[in-house]
Amino acid sequence: MTAPFLADSELRTIISRGEGQFVEFKSAWDRGSSLPKRLRRRALRDKIADVVAAFANADGGLLLVGVNDDGSVSGHGYSERDVAAFFEVPSRRLTPAPDCRTARFTLDGHEILAFQVPISPEAVMIGGNGFPYRVGSLIVREPQEVINERKQAYRHIGYEQRFCPGATLDDLNLDLAESFLRDTPVGGRPVREALRYYGLIEPDGLDWRVTNAALLLFAHRPALRWHPRAGLRVFRVAGTRIEYGPQRNVAQIGRADPPLASAIVEVRELARSQIQRSERLRGLFFEDIPEYPEFAWQEALVNAVAHRDYEVRGRESEVWFFDDRLEVSSPGELLPPVTVEALREGRAAHVTRNPMLVRVLADAEIMRDEGEGVARVFREMAVSLLREPEIESANGLFRMTLFNEPVSGKMRPGWSHLLSTLPISDGQRRMLLTRPTGFTGQDYQRVNGTGEDEAMRRVRDLRAKGIAERQPDAKGAVPTYSVVSALEADARFLEARIPGLRAYFDRESALRNADYRALFEIDRHGALRELRRLVALKVLAAKGTGRGTRYVLAIPPE
């Protein structure tokens, strides 16, 4: 065991932010009965071995034993001998043994056992239990050769990890580094110690060695001497395609040059200046909102910074605004086993060429933990009723495209209001909003970020409530579901009536039967039937009785 490598305040900050790619909590208690019991020593040793090996095989990380999944500190009840055996798990159970730092902390009267796990240069095996690998907050099993291929790739293309010959601490803007790292768990340390904690610098006698990652993040400007194409350029195209010659329609809006700690802020502001606002239908009324969800476009920009291949020194990351879409591209294709299909489907897959940059950006809360960001981009676009993003990885580039056009059929007047009246969950409502003409269980998983079991439970619930039904399909085809015909008939009715009602209530506060007849040119009895239907659908509310009945909007404008 080594001396504590975190202050109590730093540890509290880490715990408050929850688990992710770089942090794992493990309770030392069995809560399966009314009275919690200590986990069997062997069971806890197995858990420690699994997490430590998974971190070592991925990007490193911190294991905290004695913290529950919800972040509450529960400590442990083991003897000194047991604790010593737990700290020996990496050296006794794993091959090759990671060089972990271990420490004991006491918070709120409970002791926590901590394991700081470095990235291993080769695949780490648990004796008799294979090769675990960390993907977001999950642990998966991978073949040894697959992990070693990733390790070899990182050694080959790990630009960020290498020390830069000739660079010294004087080449870093320490004021910028101190400001940028302030929101990380170690932001209260002297800046040199914070940089060393992330492996960005290392002592070298009386001086310091400086990594390329440190220069990318914090070099004094002009920083292009260290990497001539590490920044981002932002363009605006007048139209939906690039024209050349006399019809040239491209303008460079600006550029954000390194250091990246400044460039991220600058490119966000450049992009924000280009994002238009538009009227989009929300329930019965239009609402003025940005053309792209804020999380989606910001995540696309940060991904271009965090995951690009910095070995490529002849190309920059680029941001292109067209009238109908936003394209963000960066040098470097996806690394196996991450694929375009896995990202589209929200499947757990993780590998990064820049784990040092990613950890700093994640701890500074600039980006989401690995495995979360792209899946959430798809969900945010779906919630905003926008066309699904496109992802490409080819010809040495990775490109994400966000579209500002709504998917056909999603913006039907009254559809979101109709769904708001149904006894369904937010996830079910989101699914019916984004796929009103048909969806699969896999669609539900992707749109809502759930597992297969939860998705199918929710789909079965929609069917049991008479809201969705299974469509006829060919033998062996993936089952597809859609709203029942009665609900579709209500949707068509509202589609025909909402625009006129919206225009009427923009001018007037109440509606009579005579007003409705004049508005839609139908007879008195037909108007009465439709007004009752609109009341039943909770679009209108009736005030008074008989010929004195007035109708008002049942819901306020959204």
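Refer to the structure presented above.
Here the structure is a predicted model, which is why all the values come from computation and not from measurement.

A. Here's a closer look at the overall build of the chain. Looking only at helices and strands, the chain has 20 helices and 24 strands in total. For the chain, the spread of C-alpha atoms along the three principal axes comes to 95 × 75 × 50 Å. Expressed as a percentage of its 558 residues, the buried residues of the chain come to 52%. Long-range pairs, those at least 24 residues apart, make up 64% of the contacts in the chain with a sequence separation of at least 6. Surface exposure of the chain reaches about 25,800 Å², of which carbon and sulfur atoms provide 47%.

B. Fine view of the packing of helix α13 (residues 373-383) against helix α16 (residues 441-448). The contact between α13 and α16 brings their axes to 7 Å, and the two run at 100°. Judged by the angle between their axes, α13 and α16 are roughly perpendicular. Contacts between α13 and α16 involve Phe-378, Arg-379 and Ala-382 from the former and Arg-446, Val-447 and Asn-448 from the latter. Taken together, the residues of the contact of α13 with α16 sort by class into 3 nonpolar, 1 polar and 2 charged.

C. Just the nonpolar core, in detail. If you look at the biggest cluster of nonpolar residues, it comprises 101 residues, and the most contacted ones within it are Leu-172, Leu-195, Leu-200 and Phe-218. The greatest single-element share of this core, amounting to 9 residues, is contributed by helix α10 (residues 294-306). Excluding residues that lie within four positions of it along the chain, Phe-218 makes contacts with Asp-171, Leu-172, Asn-173, Leu-176, Ala-177, Phe-180, Leu-181, Leu-195, Leu-200, Pro-259 and Ala-261. Membership of the second largest hydrophobic core comes to 39 residues, among which are Val-447, Tyr-481, Leu-501 and Leu-531.

D. Inspection of helix α3 (residues 80-87) at higher detail. Within α3, burial applies to Asp-82, Val-83, Phe-86 and Phe-87. Angular distribution of buried residues about the axis of α3 spans 140°; they occupy a single face of the element. Elements in contact with the buried residues of α3: β3 (37-38), α2 (41-57), α4 (89-93), β6 (101-107) and β7 (110-117).

E. Broad picture of the pairing of strand β12 (residues 207-210). In terms of strand pairing, strand β11 (residues 201-204) meets β12 through 4 bridges, oriented antiparallel. Opposite Pro-203, over in β12, you have Trp-208 as the bridge partner. Hairpin connection from β11 to β12: 2 residues lie between these consecutive antiparallel strands, with Gly-205 at a positive phi of about 65°.

F. Inspection of the environment of Asp-46 at higher detail. Mapped onto the fold, Asp-46 is located in helix α2. Classification of Asp-46 as partly exposed rests on a relative accessible area of 33%. Residues Asp-46 and Glu-160 lie 114 residues apart in sequence; the distance between their C-alpha atoms is 33 Å. For Asp-46, the side chain forms a polar contact with the side chain of Arg-93, separated by 3.1 Å.

G. Representation of the packing of helix α15 (residues 426-434) against α16. For the pair α15 and α16, the least separation of the axes is 10 Å and the interaxial angle reads 110°. Considered as vectors, α15 and α16 are oriented roughly perpendicular to each other. Classified by chirality, the crossing of α16 by α15 is right-handed. The segment α15 lies against α16, with Gly-427, Gln-428, Arg-430, Met-431 and Thr-434 engaging Asp-443, Tyr-444, Val-447 and Asn-448. Residues that form the contact of α15 with α16 fall into these classes: 3 nonpolar, 4 polar and 2 charged.

Calculation criteria
- Residues numbered from 1 in each chain as written.
- Predicted model: local features only at pLDDT ≥ 70, side-chain atom pairs only at ≥ 80, totals over all residues.
- Heavy atoms only, no water.
- Helix = DSSP H or I, 4+ residues; strand = E, 2+ residues; numbered from the N terminus.
- Buried < 20%, exposed > 50% of the residue type's maximum accessible area, 1.4 Å probe, protein only.
- Contact = heavy atoms within 4.5 Å.
- Areas by Shrake-Rupley, 256 points an atom, 1.4 Å probe, with all protein chains shown as cover.
- Axes fitted to C-alpha atoms, helices over the stretch in contact; angles between N-to-C directions.
- Parallel < 35°, antiparallel > 145°, perpendicular 65-115°, else oblique.
- Nonpolar A, V, L, I, M, F, W, Y, C, P; charged D, E, K, R; others polar.
- Core = buried A, V, L, I, M, F, W, Y, C linked by side-chain atoms within 4.5 Å.
- Arc of directions from axis to C-beta.
- Pairing = 2+ DSSP bridges.
- Polar contact = N/O pair within 3.5 Å; in protein donor to acceptor, adjacent residues only side chain to side chain.
- Left-handed = near helix turned anticlockwise from the far one by under 90°.

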